[in-house]
2 protein chains.
Amino acid sequence: MTTETSSPHAPVVDTTRSPYARLRPVGVGDVEVHDAFWQPRLDRNREQTIPAQHEQCETTGALTNFRRAAGHTPGEPFHGMYYSDSDVYKWAEAASWSLASTDDRAVAERLAEVIRLFEAAQDGEGYLNTYFSVDRVAERWTDLVVRHEMYCIGHLTQAAVAHFRATGSRALLDVAERACGHIEARFAPGDVPGTCGHPCLEMALVELYRATGDERWLRLAVWQLDSRGMGVLNGSEYLLDHARLRDQSFVTGHAVRALYLYAAAADVVLETGDEELSAVVDRLWADLSRHKTAVTGGVGARWDGEAFGDAYELPDRAYNETCAAIAHIFLAWRLLLRTGDGAYRDAVETALYNGVLPGLSQSGTEFFYQNPLADEGRHRRSPWFTCACCPPNIARLLASLPGYVYTTSDEGLWVQLYVGNSARVRLPDGSSVGVELSCGLPWEGTVQLRLTPVEAREFSVFLPVPAWAGEATVRVGEEVVTPERRSGYLVLTRTWQPGDEVRLDFTMPVRQIGTHPRVAAGHRRVAVTRGPLVYCVEQSDHADAAVADLRLAGEETWRPEFAADLLGGVVTLHTTGSALKVDEDEPLHRPYVPAEPLPTRPAEITAVPYYAWANREAGPMRVFLPLLP
Amino acid sequence: MTTETSSPHAPVVDTTRSPYARLRPVGVGDVEVHDAFWQPRLDRNREQTIPAQHEQCETTGALTNFRRAAGHTPGEPFHGMYYSDSDVYKWAEAASWSLASTDDRAVAERLAEVIRLFEAAQDGEGYLNTYFSVDRVAERWTDLVVRHEMYCIGHLTQAAVAHFRATGSRALLDVAERACGHIEARFAPGDVPGTCGHPCLEMALVELYRATGDERWLRLAVWQLDSRGMGVLNGSEYLLDHARLRDQSFVTGHAVRALYLYAAAADVVLETGDEELSAVVDRLWADLSRHKTAVTGGVGARWDGEAFGDAYELPDRAYNETCAAIAHIFLAWRLLLRTGDGAYRDAVETALYNGVLPGLSQSGTEFFYQNPLADEGRHRRSPWFTCACCPPNIARLLASLPGYVYTTSDEGLWVQLYVGNSARVRLPDGSSVGVELSCGLPWEGTVQLRLTPVEAREFSVFLPVPAWAGEATVRVGEEVVTPERRSGYLVLTRTWQPGDEVRLDFTMPVRQIGTHPRVAAGHRRVAVTRGPLVYCVEQSDHADAAVADLRLAGEETWRPEFAADLLGGVVTLHTTGSALKVDEDEPLHRPYVPAEPLPTRPAEITAVPYYAWANREAGPMRVFLPLLP
């Protein structure tokens, strides 16, 4: 038995002491990723993305705004959008998480410098927002609907919590506590309703409570949630102010805002066990997962307002903002922590591979804001955006990804993401177990786990059986075992000896995925998936047919093939389908003739992972392929 | 032979003297509509819509802006959007056209008062835009990209031309000529490139040239077109500045702006015969009609930017702005005037019934801005909009509608819209012919035409055979004849005696219309049409099944039935189709199983005209129904 503390190093959502959490975190700093798929991505995030985004914060003036607020640049105008502070905070959060994984001096120094700027820009009352710091002082807190002041402090606070957990330093945490204290004084719980047009602070406050133990922050989070429906945001449904949160029954409004709000409610439930709020979150999750989630885990179908559509509104040209997929992960992860239900884990995995990763170019320095499921070749990634929310959101998620690989519970150890790594995990009894995980995901369904408890010890190991998995074979050592399955996990309970090995082999059938028949855009069309990945067809791979003309019979066998030199190394899928013989001059609208099937010819079809699309020459792309006839 | 002038009274697009027009107009004032379908709509437009819109111009401050600019209301702030002048101009145009049909004293007085306001608001240099009149004088013409100054003058000019043609008064024409003269001086042809972020003035200038005979206005129109691609609008593709207009090859950008621009190019071609420009317009029309037009004639699929999508991008939740359907009519009408090709006429008719009419409530006082092809019941009409372009655009089109019923050509008389009316038409030889047209459209395919030339006279009568028509039987008197068909028209050439009657009977089969196979959203779905009308299913008529669950086999027979008390009197269509037995709890995404057809049950399906949707209790609506399996 070790004498080490049971606290994880740099947990992402720290339910270590949350009374209503079933699962507890394993920290970013406890998990060293060495995975053929993920390690290059995490390295690129640290080596390319995070430095490039610091540079963007510099060139756009977002950092200069803090110098200006600190009085370092007299006469300087404000630069960018009124929420541009949040770009820098998200960068600081990404940099903080990366320090939990790697002792990178350059990042640490750059971050320390940025934190000094935050400190210098904050005023004596704790107020901090560079848009209002110099010449709009009288306008502070006059427009909660639009101006994102609390939102920005939310991102500051998330960065501060990450920095504190990753480094142990209170430097940024102090800034955040002063800023939150300013808000608490201005919008006092039980007294002055206060909530922001863009949620974020609510979630951050619960984490601040977890990081500091100060119940003021939990109270303030609850108050902000309960301020919804009081008209602070003009009763706007788009801003989730149309009803008390406790009375909200359907997923609506701006997708990122909605999911940040619901995630905060889930956070509060983890701390308070509030049954009413818990039922609301369950109800909203049911609406989200049954009616409003794309096959990629992308959410928020509408381009107008970056908003959720109606039930079953899942068009090809979905908006599916990268940030919304990240918010989807935030919500699902919190529900997973509460319940240990693998359906939430599956949602995290799907959104990660297919909702978030497409947002990032192969180079790591260009980004998608929207992630449509079909395109004609004009939607391409950009290095930055005027509204630059997505790029640093991806960076902070990837930097914190090691914190999503495992959880623990009273029963033992849970693998949550199949990502190759070496970890040292503290079990709830305080004992420590070394874990070596190697796997072939997302390309092959092979998982090997080697456990090294300090001494023989009985506990359970939970291994996810994702919805995409085919047959699963489990061996402990050489012995094939048939473990219990519980809510999407194989549960191996035994007395583990140091060096015990578990081997799990999934088959990964290629699936043609149809959609609920109420989804108009899904009618007689399928998406192709294998393992956790959704695939797409790109024109690049189809010299002989327009991708718009490709058709499937629905009974195809797809042949996986690893292409080491393609798109950073991917498994491509191949089948023989059909291509319509299209007469381009035919009228756009014409009487339907049942007796005349469209003429087709055989066509070789190649599918590539959707996350990798738009990394070659521009051209049409489709996730869904129509079924004949 | 009469001695009357051959000029039509209040022609809409006056190609009377256009050298490159095949067709010439019959004026609004020459056609007295008495049609079971249209007369109540035109009456309601005059009696309800136009007065209500004047009231809206008053309550929104759009009229007060003119008083303010005239110096009548010192201290008054500007109200509304920077283009709100155009609301009043469009109202004035609608009122003007209505005076060509009806001698309405109240409208005439109100209009005279508004015109006096315009005069008073115009400054000594001819400048007129109330946003810039009082306190933004220095900002005039500093932002052609955004500020719509030329656009507003375009609407002023269109109103002025309408007023001049309807009343013979030059009062408003003088204001418009001064305003256009100001623009001509500021953006001199051949010297200073000038063109507006929102086209409108170009089309108006050609009409001003036609109304006044002053070639300055034609030259200025051409110059504005040729200023495209010079970077005046930052080279923006969205604003049609990405290339010289003469080099533009695909329909793109903001739908209304694009179509107003293309319509102006078509106008210039009618006057100059410019072959290069003519080829451009033909190319753009081909792209529009083959790739980018909804079955309703709605255009501009995208909610983001009110813009055209890519080729074949025709989603259910299309934007299809009411103004864009009107712009579609403007373009198609000009191409019809040039060619006499019935395909353009069909486009006018389709867009009128199914792209524009849905924009108007049964009451005539509520409006749709967007016209999606499916909805869950949350899209409802409004009395007005912050951006109020659509309501007065509908009003001016309806007020001018009698001007779209006939044209003439060297060959004789062309019916263009089957609308019951009494008309007196001047043939190109200067002789006059009385025309009585009665018809059962859009409900029944019966047309009766009685011609009363002053004396026996040989000429051709062109009767459209729309694409929707089934068998056509033509009688002259009692005799069944088999006239030549030419480009979508039956051509009856003979010596007409006073009192000769033509009777035309179409069958109007109900059609299930499919879409080009490259339209992803059209896959295995059909829209139901009869005659010129596109139909839809509304939840109101389906107590036993969700409209989302309705399915067709594709071989249904539909039974038309006139329902006098429904939606102002409509032919409904009935069939027995299928309803899916839907398990709402089924997962949203799941493997497709070819061998398992979805369970269905028979279902009675009722379709109503799409133009009439959302006039009952809110609920789901679909234009396209999926085909089994």
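Residues numbered from 1 in each chain as written. Chains lettered and ligands numbered in written order. Predicted model: local features only at pLDDT ≥ 70, side-chain atom pairs only at ≥ 80, totals over all residues. Heavy atoms only, no water.

### A closer look at the packing of aromatic side chains
Applying the stated criterion across every chain, the model contains 59 aromatic pairs over all chains. Centroid distance B:Trp303 to B:Tyr319: 5.0 Å. Interplanar angle 85 degrees. Geometry classified as edge-to-face. Of this pair, B:Trp303 sits in the loop between α11 (275–291) and α12 (322–339) while B:Tyr319 sits in the loop between α11 and α12, and the two are 16 residues apart along the sequence. When the ring of B:Phe368 is compared with that of B:Trp613, the centres are 5.1 Å apart and the planes differ by 25 degrees; the resulting orientation is stacked. Remark: B:Trp613 occurs in the loop between β22 (600–609) and β23 (621–622) and B:Phe368 occurs in the loop between α13 (342–356) and β3 (374–375); sequence separation between them is 245 residues. Taken individually, B:Phe368 and B:Trp613 each receive the classification buried, so the pair is uniform in this respect. These aromatic residues form a ring-pair network of at least three members: A:Phe37, A:Trp38, A:Tyr353, A:Trp443, A:Phe562 and A:Tyr611. Over the aromatic face of A:Trp496 sits the side chain of A:Arg494, whose NZ or CZ is 5.6 Å from the ring centroid. (Phe/Tyr/Trp six-rings, centres within 6.5 Å; stacked < 30°, edge-to-face > 60°. Helix = DSSP H or I, 4+ residues; strand = E, 2+ residues; numbered from the N terminus. Buried < 20%, exposed > 50% of the residue type's maximum accessible area, 1.4 Å probe, protein only. Lys NZ or Arg CZ within 6 Å of the ring centre and 35° of its normal.)

### As for the pattern of salt bridges
Opposite charge on two side chains permits them to pair, given that their charged atoms come into close proximity. Residues and elements named next belong to chain A. Summed over the entire model, instances satisfying the criterion amount to 106 salt bridges over all chains. For Asp429, the salt bridge goes to Arg457, with nearest N and O atoms at 2.7 Å. In this pair, Asp429 is assigned in the loop between β6 (421–426) and β7 (432–439) and Arg457 in strand β9 (residues 457–464), connecting sequence segments 28 residues apart. Shared partners join several salt bridges into a network, and the residues in it are Arg165, Glu207, Arg210, Asp267, Glu271 and Arg334. (Salt bridge = Lys/Arg side-chain N within 4 Å of Asp/Glu carboxyl O.)

### Some remarks on the packing of helix α6 (residues 149–167) of chain A against helix α8 (residues 201–212) of chain A
The geometry of a pair of packed helices is captured by two quantities: the angle between their axes and the separation between those axes. Residue and element names in this part refer to chain A. Running from N to C, α6 and α8 point in directions that differ by 30 degrees, and their axes come no closer than 8 Å. The angle between α6 and α8 places the two elements in the roughly parallel class. Once α6 is placed against α8, the crossing between them reads as left-handed. When α6 is examined against α8, the residues Met150, Ile153, Gly154, Thr157, Gln158, Val161, Phe164 and Arg165 are found in contact with a partner set consisting of Leu201, Met203, Ala204, Glu207, Leu208, Arg210 and Ala211. Classifying every residue of the contact of α6 with α8 gives nine nonpolar, three polar and three charged. (Axes fitted to C-alpha atoms, helices over the stretch in contact; angles between N-to-C directions. Parallel < 35°, antiparallel > 145°, perpendicular 65-115°, else oblique. Left-handed = near helix turned anticlockwise from the far one by under 90°. Contact = heavy atoms within 4.5 Å. Nonpolar A, V, L, I, M, F, W, Y, C, P; charged D, E, K, R; others polar.)

### Regarding the interface of chain A and chain B
Taken residue by residue, the interface counts 57 residues in chain A and 57 residues in chain B. For the pair chain A and chain B, the summed buried surface comes to about 4,900 Å²; carbon and sulfur atoms form 53% of the total. Taken as a group, A:Arg518, A:Leu588 and A:Tyr592 account for 16% of the area that chain A buries against chain B, more than any other trio of residues on that side. One can count twelve salt bridges joining chain A with chain B. The partner of A:Asp304 in a salt bridge is B:Arg317, and the shortest N-O contact between them spans 2.8 Å. On inspection of chain A and its partner chain B, the count reaches 30 residue pairs in polar contact (both at pLDDT 80 or more). With five residues, strand β15 (residues 510–515) of chain A is the largest single contributor of residues to the side of chain A that touches chain B. Residue composition of the side of chain A that touches chain B, grouped by class: 24 nonpolar, ten polar and 23 charged. Across three bridges, the pairing between strand β21 (residues 589–591) of chain A and strand β15 (residues 510–515) of chain B is antiparallel. (Buried area = accessible area lost by both parts, 1.4 Å probe. Polar contact = N/O pair within 3.5 Å; in protein donor to acceptor, adjacent residues only side chain to side chain. Pairing = 2+ DSSP bridges.)

### With respect to the sheet that holds strand β1 (residues 24–25) of chain A
Residue and element names in this part refer to chain A. Spatially, β1-β4-β5-β9-β13-β12 is the arrangement adopted by the six strands of the open sheet, whose pairing is mixed. Every other strand in the sheet has two partners, leaving β1 and β12 (484–486) as the edge strands with one partner each. Pairing of β12 with strand β13 (residues 489–496), which is carried by three bridges, proceeds in the antiparallel orientation. The residue of β13 that forms the bridge with Glu484 is Val491.

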